[in-house]
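Analysis of the macromolecular model
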Amino acid sequence: MTSTTRLTVAQALVRFLSAQYTERDGTRHRLIGATWGIFGHGNVAGIGQALVEYGDVMPYHQGRNEQAMVHAAVGYARQSGRLSTHAVTTSIGPGATNLVTGAALATINHLPVLLLPGDVFAARPADPVLQQLEVPYAGDVSVNDCLRPVSRYFDRITRPEALIPSALQAMRVLTDPVETGAVTLALPQDVQAEAYDWPDEFFAERNWVVRRPGADPTELAEAVTAIRGARRPLLVAGGGVHHSRAEAALAEFAAVTRIPVASTQAGKGSLRFDHPQDVGGVGHTGTATADELARTADLVIGVGTRYTDFTTASGTLFAHPDVRFLNLNIAPYDGHKLAGMPLIADARSGLMELTAALDMHAYRVGASYVAEYTEDKERWEQRVDACYEADEPDVRPTQPQVLGVLDALVDESDVIINAAGSLPGDLHKLWRARSRDQYHLEYGYSCMGYEIPAAIGVKLAAPERRVWALVGDGTYLMMPTEIVTAVQEGVAIKVLLVQNHGYASIGGLSEETGAERFGTAYRHRAADGTFTGAPLPVDLAANAASLGMRVLRAKTVSDLREALAEARDADTPTCVYVETQTADTVSGPPPAQAWWDVPVAETATRPSAVKARELYERHVSTRRRHL
């Protein structure tokens, strides 16, 4: 006879989650390392009580915003190599719908996170309940259904026994390197508190093996033939290189073949910046070196990349008339993009197999090609030095100079986190990544407000690392709330807060597309009705201090050097606040080296829009379909 234990659904779920593990390359990791939660009537008596009951096996973190809790879990999952993540529990109503943005971010970036929103009563003893959305045409719909399109797996647990198959499916998806993303188990509040006799086997420890599939022999042979036939191959490293921990395999591949390696935002750091084959970021925010190689490449080898429009310059970058694509990707969906030759495999396994096969054939790219990209790389590094250089240390820094001061201070143990604004473009072009996980850019969803909570998640996953959240004023105002969490938990993140009085990146884009920076500055309304008056008297440093963070103000380049050094050594949450020059421009680094398609008004009377449309049509004419 099967032995059972009588527990509530919430208690059973917490116990189950505490016994789940991942295993890859013989190393075991706890899958759900902790649970974040904000409690309300939809989860306080269910999951909340269960976390009290089983606090010895399931750590708990208190958040201030539900979206931010997901960001923290995602930051933890990325730093953990997708082998461990956090769960997030909320009440029904606004608590649940606040999860949607974070869930979309997780799913787009293929990062696992478990969402446990409360839901309306399954038994409907009172209908509607507080915060319930009534849908006249469907009785089984709640606001949690908003999470369906942004979740890789979704289920609503309306009976206790339904938890068993659903929980197992949830773990399967979280640990699947192809399918992983946000997983949602919607939990009606009455079901959470309902008791059931659970088979004890449900609580047994389980190992979920994260597989490393090798390449199909036929696809591998075709890939080797394609590379051997290429004169100007270029490898584009995406986030899949990091997810697979394939950095060493990529370095070996590059050293053996001498094929240059460019990187997407997610893939930057796949090679150290000083590796001979590293040519920097590629695409709209890429380097001149990488983008020129992309324009002339006859074979593009994509490794773990989704080929977003920033990478392909909206279909205008890969301009060689005979260019072909070889896509090494664990996901068939991505492996077939751009009519490419698929090589469906784990990034590390596939790279190792390619390296062995090409080395056997003694394949190397030509010496003249190596000399070409090496010289171009050196020239670009000189441009980076010029952007970073601060000849006048006693004046307000530009944004690239801010990055230059930080670049001179950090080592490979520091982690730099960013997601939105003008900083991603500057960082992709200029930052010198020193380790595989130093550069943490969330650019799949480019979500303002990600940086501070993600920094908390990264620091929880790697407490020995120095973790920097780089935020502009626009991003900071979106979500500074988790500063309180960092202070409460003593998580010693460092926040570099750059004040440029508005949405600098979108302001520049607005100007380029004929919208004249409308609605992008944080300024008083002028007499003509536009927001072109004096900057708003908003003191973000004082705001951060009011939330409990230690704040260091820097007015000059010299001040900034001292403040960043002091913050780096701090063992408490610390913010460095700096106001930059050129607040009415994007940032002052080298301009975009490739186009990005943001449609411009086809009809307009204002000269700026007419001119922008003419330029837009010239760029559009260079777009091509890779078939």
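Structure first, text after, so check above.
Now for a description of the structure that goes with this document.

Details of the overall build of the protein
- What the protein contains, in helices and strands, is 24 helices and 23 strands.
- For the protein, the C-alpha radius of gyration of 25 Å lies close to 25 Å, the compact-globule estimate for 627 residues.
- Each of the three principal axes of the protein carries a C-alpha extent, and together these read 75 × 70 × 55 Å.
- Out of the 627 residues belonging to the protein, those deemed buried represent 58%.
- The contacts in the protein between residues at least 6 apart in sequence include a share of 77% that link residues at least 24 apart.
- Carbon and sulfur atoms make up 53% of the accessible area of the protein, which amounts to about 24,500 Å² in all.

Points about the packing of helix H18 (residues 451–461) against helix H20 (residues 482–489)
- In the contact formed by H18 and H20, the axes pass within 9 Å of each other and the chain directions differ by 25 degrees. By the angle between their directions, the pair H18 and H20 is classed as roughly parallel. Contact with H18, carried on its side by Ile452, Pro453 and Ile456, involves Glu482, Ile483, Thr485 and Ala486 of H20 and no other residues of that element.

Overview of the sheet that holds strand E3 (residues 27–30)
- The 3 strands are arranged E3-E2-E11 in an open sheet whose pairing can be described as mixed. Two strands lie at the open edges of the sheet, namely E3 and strand E11 (206–209), each paired on one side alone. On average, each strand axis in the sheet is inclined to that of its neighbour by 35 degrees, with strand direction left out of account.

Here we look at empty space enclosed by the protein
- Applying the stated rule across the entire model yields 3 cavities of 30 Å³ or more.
- For the largest cavity, the lining is made up of 14 residues, of which Asp278, Gly280, Thr287, Trp380 and Glu381 are closest to its centre.
- Where the lining of the largest cavity is concerned, the elements lending two or more residues are strand E14 (278–281), helix H15 (367–388) and helix H17 (423–430).
- For the lining of the largest cavity, the per-class residue count stands at 5 nonpolar, 3 polar and 6 charged.
- Along its surface, the second largest cavity is lined by Ile92, Gly93, Gly118, Asp119, Val120, Gln131, Gln132, Leu133, Ser142, Val143 and Asn144.
- Of the residues that constitute the lining of the second largest cavity, the class distribution is 4 nonpolar, 6 polar and 1 charged.

Focus: unusual backbone geometry
- Of note, the amide linkage connecting aspartate 127 to proline 128 takes the cis form, showing an omega dihedral of 10 degrees.
- On the secondary structure map, proline 128 appears in the loop between strand E7 (113–119) and strand E8 (153–156).
- The backbone of leucine 338 shows a phi angle near 55 degrees, a positive value even though the residue is not glycine.
- Here leucine 338 shows up in the loop between helix H13 (332–335) and strand E17 (341–344).
- Of note in the backbone geometry, glutamate 516 takes a positive phi value of approximately 60 degrees without being a glycine.

Some remarks on the pattern of salt bridges
- Taken as a whole and judged by the stated rule, the model has 33 salt bridges.
- Note that lysine 337 and aspartate 334 form a salt bridge whose closest N and O atoms lie 2.8 Å from each other.
- Taking relative accessible area as the criterion, aspartate 334 reaches 5% and is therefore assigned buried.
- Arginine 364 is the partner of aspartate 359 in a salt bridge, and the nearest nitrogen-oxygen pair spans 3.7 Å.
- Classification of aspartate 359 by relative accessible area gives partly exposed; the value is 40%.
- Taking relative accessible area as the criterion, arginine 364 reaches 38% and is therefore assigned partly exposed.

Considerations on the packing of aromatic side chains
- Scanning the entire structure with this criterion turns up 12 aromatic pairs.
- Seen from their ring centres, phenylalanine 310 and tryptophan 596 are 4.5 Å apart, and the 65 degrees between their planes marks the pair as edge-to-face. Residue phenylalanine 310 is found in helix H12 (residues 309–312), and its partner tryptophan 596 is found in the loop between strand E23 (574–579) and helix H24 (607–620); the two are separated by 286 residues along the sequence.
- Relative accessible area serves as the criterion here: at 12%, phenylalanine 310 is assigned to the buried category.
- Among the residues examined, tryptophan 596 registers a relative accessible area of 25% and is labelled partly exposed.

Here we look at H17
- Counting buried residues along H17, 8 of its 8 residues qualify, which places the element largely inside the surrounding structure.
- Considered for burial, the residues of H17 that qualify are Leu423, Pro424, Gly425, Asp426, Leu427, His428, Lys429 and Leu430.

Brief notes about the sheet that holds strand E15 (residues 299–303)
- Here 6 strands make up an open sheet; going across it, the order is E14-E13-E12-E15-E16-E17 and the pairing parallel. If you trace the sheet from one side to the other, it starts and ends with E14 and E17, each paired once. Direction aside, neighbouring strands of the sheet carry axes that sit 20 degrees apart on average.
- Contacting E15, strand E16 (324–329) and E17, helix H8 (residues 217–228) runs over the sheet at an angle of about 130 degrees to E17.
- This element, helix H14 (residues 347–360), spans strand E12 (233–237), E15, E16 and E17 of the sheet and lies at about 125 degrees to E16.

Reading the values: the criteria
- Residues numbered from 1 in each chain as written.
- Predicted model: local features only at pLDDT ≥ 70, side-chain atom pairs only at ≥ 80, totals over all residues.
- Heavy atoms only, no water.
- Helix = DSSP H or I, 4+ residues; strand = E, 2+ residues; numbered from the N terminus.
- Rg over C-alpha atoms; globule rule 2.2 N^0.38 Å.
- Buried < 20%, exposed > 50% of the residue type's maximum accessible area, 1.4 Å probe, protein only.
- Contact = heavy atoms within 4.5 Å.
- Areas by Shrake-Rupley, 256 points an atom, 1.4 Å probe, with all protein chains shown as cover.
- Axes fitted to C-alpha atoms, helices over the stretch in contact; angles between N-to-C directions.
- Parallel < 35°, antiparallel > 145°, perpendicular 65-115°, else oblique.
- Pairing = 2+ DSSP bridges.
- 1 Å grid on protein atoms, 1.4 Å probe; cavity = no way out; pocket = protein on both sides within 12 Å on 5 of 7 lines; lining within 4 Å.
- Points joined across faces, edges and corners; volume = space filled by probe spheres on them.
- Nonpolar A, V, L, I, M, F, W, Y, C, P; charged D, E, K, R; others polar.
- Salt bridge = Lys/Arg side-chain N within 4 Å of Asp/Glu carboxyl O.
- Phe/Tyr/Trp six-rings, centres within 6.5 Å; stacked < 30°, edge-to-face > 60°.

By themselves these figures say nothing about function.
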